[in-house]
Amino acid sequence: MNELYVKANETVRKVYLLPDADLPENIVLERDAKVEVVVLAMPGVSCDLKMDVRLAGEGAEANVFGAYVCGDQETVRIAVDMHHDLPHCNSRQLFKGLA
């Protein structure tokens, strides 16, 4: 299982181009940590993505964005579970697709 752990006061930005990317299944953020994840699925890719994001420290911020382009026989499924374990955390998710 691939995991991305963001330490206190750290900022991490990652772009994952599918199908070659090793997308983390779990992301954990400590206090005042920030993460921005961008997932791109280009034509010819079918995938079923599951991501669990845990804001485990106050002030943590997670932004998960994605875009995909699908042809006739392709399927893209994206499931993000966002857990706000403590108060004063922020998260945003935005996915856009063209099929």
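Residues numbered from 1 in each chain as written. Predicted model: local features only at pLDDT ≥ 70, side-chain atom pairs only at ≥ 80, totals over all residues. Heavy atoms only, no water.

1. Some words on the nonpolar core
- Ranked by internal contacts, the top residues of the largest apolar core, which has 27 residues, are Ile27, Leu29, Val35, Met51 and Val53.
- Listed by contribution, the elements that provide at least two residues to this core are strand E1 (3-6), strand E2 (11-18), strand E3 (26-29), strand E4 (34-41), strand E5 (47-55), strand E6 (61-69) and strand E7 (76-84).
- The dominant element in this core, judged by the number of residues it contributes, is E5, at five residues.
- The residues touching Leu29, leaving out its near neighbours within four places in the chain, are Val6, Lys34, Val35, Val53, Arg54, Leu55, Ala56, Gly57, Ala60, Glu61 and Ala62. (Core = buried A, V, L, I, M, F, W, Y, C linked by side-chain atoms within 4.5 Å. Buried < 20%, exposed > 50% of the residue type's maximum accessible area, 1.4 Å probe, protein only. Helix = DSSP H or I, 4+ residues; strand = E, 2+ residues; numbered from the N terminus. Contact = heavy atoms within 4.5 Å.)

2. Some details on the side chain of Asn63
- Locating Asn63 in the fold gives a position in strand E6.
- Excluding residues within four positions of it along the chain, Asn63 makes contact with Val35, Glu36, Val37 and Arg92.

3. A look at the pairing of E1
- With burial as the criterion, only one face of E1 is covered, namely that bearing Leu4 and Val6; the residues Glu3 and Tyr5 on the opposite face remain uncovered.
- Here E1 pairs with E3 via four bridges, running parallel. Along E3, the bridge assignment pairs Leu4 with Ile27. (Pairing = 2+ DSSP bridges.)

4. Thoughts on the sheet that holds E4
- Read from one edge of the open sheet, four strands run E2-E4-E6-E8, paired in parallel fashion. If you trace the sheet from one side to the other, it starts and ends with E2 and strand E8 (90-98), each paired once. Here the strands of the sheet are splayed against their neighbours by 5° on average, with no regard to which way each runs. (Axes fitted to C-alpha atoms, helices over the stretch in contact; angles between N-to-C directions.)

5. Section: the sheet that holds E3
- In spatial order, the strands read E1-E3-E5-E7; together these four strands make up an open sheet with parallel pairing. Across the chains shown, the open sheet's two edge strands, defined by having one partner strand only, are E1 and E7. Pairs of neighbouring strands in the sheet enclose a mean axial angle of 10°, with direction left out of account.

6. Things to note about the environment of Thr75
- Among the secondary structure elements, Thr75 is positioned in the loop between E6 and E7.
- Overall, the relative accessible area of 36% leaves Thr75 in the partly exposed class.
- Sequence-wise, Thr75 and Asp48 are 27 residues apart; in three dimensions their C-alpha atoms are separated by 7.9 Å.
- Apart from residues no more than four positions distant in its own chain, Thr75 is found in contact with Val45, Ser46 and Cys47.

7. What to know about the pattern of salt bridges
- The tally for this structure, following the rule as stated, stands at three salt bridges.
- A salt bridge links Asp32 to Arg31; the nearest nitrogen and oxygen atoms lie 3.8 Å apart.
- Among the residues examined, Arg31 registers a relative accessible area of 47% and is labelled partly exposed.
- The residue Asp85 makes a salt bridge to Arg54 at a minimum N-O spacing of 2.9 Å. Pair noted here: Asp85 is in the loop between E7 and E8 and Arg54 is in strand E5, with a separation of 31 residues, a long-range link.
- The class for Asp85 is partly exposed, based on a relative accessible area of 37%.
- Under the relative-accessibility criterion, Arg54 is labelled partly exposed at 30%. (Salt bridge = Lys/Arg side-chain N within 4 Å of Asp/Glu carboxyl O.)

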